[in-house]
Amino acid sequence: MKEAGPRRERPRIVVMGGGTGLSVMLRGLKEKPLDITAIVTVADDGGSSGILRSELHMPPPGDIRNVLTALADVEPLLSDMLSYRFNTGAGLAGHSLGNLILAAMTDISGDFVTAVRELSRVFAVRGEVLPAAGQAVVLHAEMEDGSIVTGESKIPEAGGRIKRVFLEPDHVEPLPEAVEAIRQADAILIGPGSLYTSILPNLLVPKLAEAVVEADAVKMFICNVMTQPGETDDYTVSDHLKAIHEHIGHQLFDYVIVNNGEIPLQVQNRYAEKGAKPVVLDMNVLKSSGYQVVADTLVLFRTYLRHDADKLSHHIYQLVQNWMLRKR
């Protein structure tokens, strides 16, 4: 009689995206018994990342640095150092120390992916952090009026409604490790983050999207709490999913995790000044489209609205555990 293979103790999850929302979620997930791989966009071209990308011909380090900081198992002071941004100094103002360290490590190792791997080791990162591709990509948006806007940082400033986004080069190759991580995943999480400039750039890398579609994993979409001016004005939860479906050609997700908690009026008013408002939860549309919805009060407000990392990671972990039980 053939012996059963060893049971995997820790479920493997892949998290895809970029921006602050992804980092907040990862701070909660790293406390769970999970093997985490974060696949991070390389389309950023603004701020410190944009300068280093342009001057040093390297992938933009900002989103990678945020994820490394979120998953680092080091003293808080070292995490603060990675995030520290210089306010003065010719040539230094605007740069974060973590971005400069990644740039230096890339120069030393001769390779951005190796630099990320070495910095992960130095900062005892709980999981693996991978850029979606080994090269920077340029993000373009076709607006509904037919105009083309070039550059991740320029798209939200264009002032129109986005019809679609696309990459240059359009056949960019993903990291083989990223494709393999998706193939081996028990769960795939996409979001939260900027829909058109953080989430879709990962899924527009052709082989990454194909791997997600084919993966035998439970697939979850974590929706943003607020709309984003210039990207998702007046979008409902189902509008976010519709945009992904139209770009990829597949309905990817089994579960949609959304906030249904009330946001205080004074907080809404503060965001409304910048053109943002709560994403409307259109539950009937989601359910009629075949999605299973997990809704809870998932927001915290300090200086900004953020996902409650503990509650969000609890829901995710429960869904992963249930999926693993069904697979056995």
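Structure report, in brief. From a predicted model like this one, the values you see are computed outputs, not experimental measurements.

Criteria and cut-off values
- Residues numbered from 1 in each chain as written.
- Predicted model: local features only at pLDDT ≥ 70, side-chain atom pairs only at ≥ 80, totals over all residues.
- Heavy atoms only, no water.
- Pairing = 2+ DSSP bridges.
- Helix = DSSP H or I, 4+ residues; strand = E, 2+ residues; numbered from the N terminus.
- Axes fitted to C-alpha atoms, helices over the stretch in contact; angles between N-to-C directions.
- Contact = heavy atoms within 4.5 Å.
- Buried < 20%, exposed > 50% of the residue type's maximum accessible area, 1.4 Å probe, protein only.

Moving on, we come to the sheet that holds strand β2 (residues 35–40). The strands making up a sheet associate through backbone hydrogen bonding, with each pair oriented either parallel or antiparallel. One open sheet holds the 7 strands; their spatial order is β3-β2-β1-β7-β8-β9-β10, and the pairing between them is parallel. Edge positions in the sheet fall to β3 (128–131) and β10 (292–296), since each of these pairs with one other strand and no more. This sheet shows a mean twist of 20° between the axes of neighbouring strands, independent of strand direction. Strands in contact with helix α1 (residues 19–29) are β1 (12–17), β2, β7 (187–190) and β8 (218–222); relative to β1, the strand with the most contacts, it is inclined by about 165°.

Positionally, threonine 106 belongs in helix α5 (residues 97–109). Apart from residues no more than four positions distant in its own chain, threonine 106 is found in contact with Met58, Asp111, Phe112 and Ala115.

Okay, unusual backbone geometry next. The omega angle of the peptide bond from glutamate 168 to proline 169 is 0°, so this bond is cis rather than trans. If you trace the backbone, proline 169 turns up in the loop between β6 (162–168) and α7 (176–184). With an omega of -5°, the peptide bond between glycine 191 and proline 192 qualifies as cis. Locating proline 192 in the fold gives a position in the loop between β7 and α8 (195–203). Positive phi outside glycine occurs at histidine 57, with the angle close to 55°. Tracing the backbone shows histidine 57 in the loop between α2 (47–56) and α3 (62–71). The exposed category is assigned to histidine 57, whose relative accessible area is 72%. Notably, aspartate 234 is not glycine yet its phi reads approximately 65°, a positive angle. Tracing the backbone shows aspartate 234 in the loop between β8 and α10 (237–248).

On their own, these measurements won't tell you what the molecule is for.
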